[in-house]
Amino acid sequence: MTALPAADGRRARGDATRRLVARTAADIATTHGLDGITVGGLSASTGVSKSGILTVFGNREAIQLAAVSEARDVYIDVVIRPALGCEPGAARLDALLDSWLAYLRAEVFPGGCFVTATSVEFGHRTGPVADAVRNLKREWLQLLEDEFSVAGSPDPAEDAFRVDAYLSAGNTHRELFGTDAALERARTLAGRVVEHYRT
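The rules behind the values
- Residues numbered from 1 in each chain as written.
- Predicted model: local features only at pLDDT ≥ 70, side-chain atom pairs only at ≥ 80, totals over all residues.
- Heavy atoms only, no water.
- Phe/Tyr/Trp six-rings, centres within 6.5 Å; stacked < 30°, edge-to-face > 60°.
- Buried < 20%, exposed > 50% of the residue type's maximum accessible area, 1.4 Å probe, protein only.
- Helix = DSSP H or I, 4+ residues; strand = E, 2+ residues; numbered from the N terminus.
- Lys NZ or Arg CZ within 6 Å of the ring centre and 35° of its normal.

**Student:** Residues and numbers for the packing of aromatic side chains, please.
**Tutor:** All chains considered together, the criterion is met by five aromatic pairs. An angle of 85° between the planes, with centres 6.4 Å apart, marks the rings of Tyr-103 and Phe-109 as edge-to-face. Take Tyr-103 and Phe-109: they sit in the same class, and that class is buried. With centroids separated by 5.9 Å and ring planes inclined at 80°, the aromatic side chains of Phe-148 and Tyr-197 adopt a geometry described as edge-to-face. Here Phe-148 is found in helix H7 (residues 128-151), whereas its partner Tyr-197 is found in the segment after helix H9 (181-195), with 49 residues between them in sequence. Considered together, Phe-148 and Tyr-197 belong to a single accessibility category, that of buried residues. Taken together, the ring pairs in this structure connect Tyr-75, Tyr-103, Phe-109, Phe-114 and Trp-140 into an aromatic cluster. Residue placement shows Arg-18 over the ring face of Phe-57; its charged tip is 4.8 Å from the ring centre. Just above the ring of Phe-122 sits the side chain of Arg-125; from NZ or CZ to the centre is 4.4 Å.

Take a look at the structure:
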């Protein structure tokens, strides 16, 4: 036998550590911001030593980038993928709104929507982390625009903006006031934008 299995074991442990730390960092980002992520805090939350975390990631910026990437994966799995089986256009937009509502109700992240929380935090910044946050928001808006375009919207960018604004406001109100009523209102108002294009 060669030493390959041991090497593979180390790689598997490193991958597991990466996933655990990235997910915990994403959780922290929704309550304390990406700037609130510290190696010490992650170590305390995960049980992984500081040196173990830095061995896997190298530095704090890499951890922040991993948090954004992890949140993107979660958003795709929980919000976007469930809607992909629906007919493109209005039906898929409705499904996206429903899965977004379920994502917030399920408290997938402890501080609400990762996209909303980090978009405000990095609004005036530059650098790799800010770029990753912007790209995440752009991807979501582009998805909405594409679906509105298929639905027959004369101005997909405007309709996508309106839907995103309602959802962001619903998330913000829910986090501030602790009630799901704002989520229901956001879903209703966003649904009215989509309603114009139902056949």
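Here the narrative resumes.
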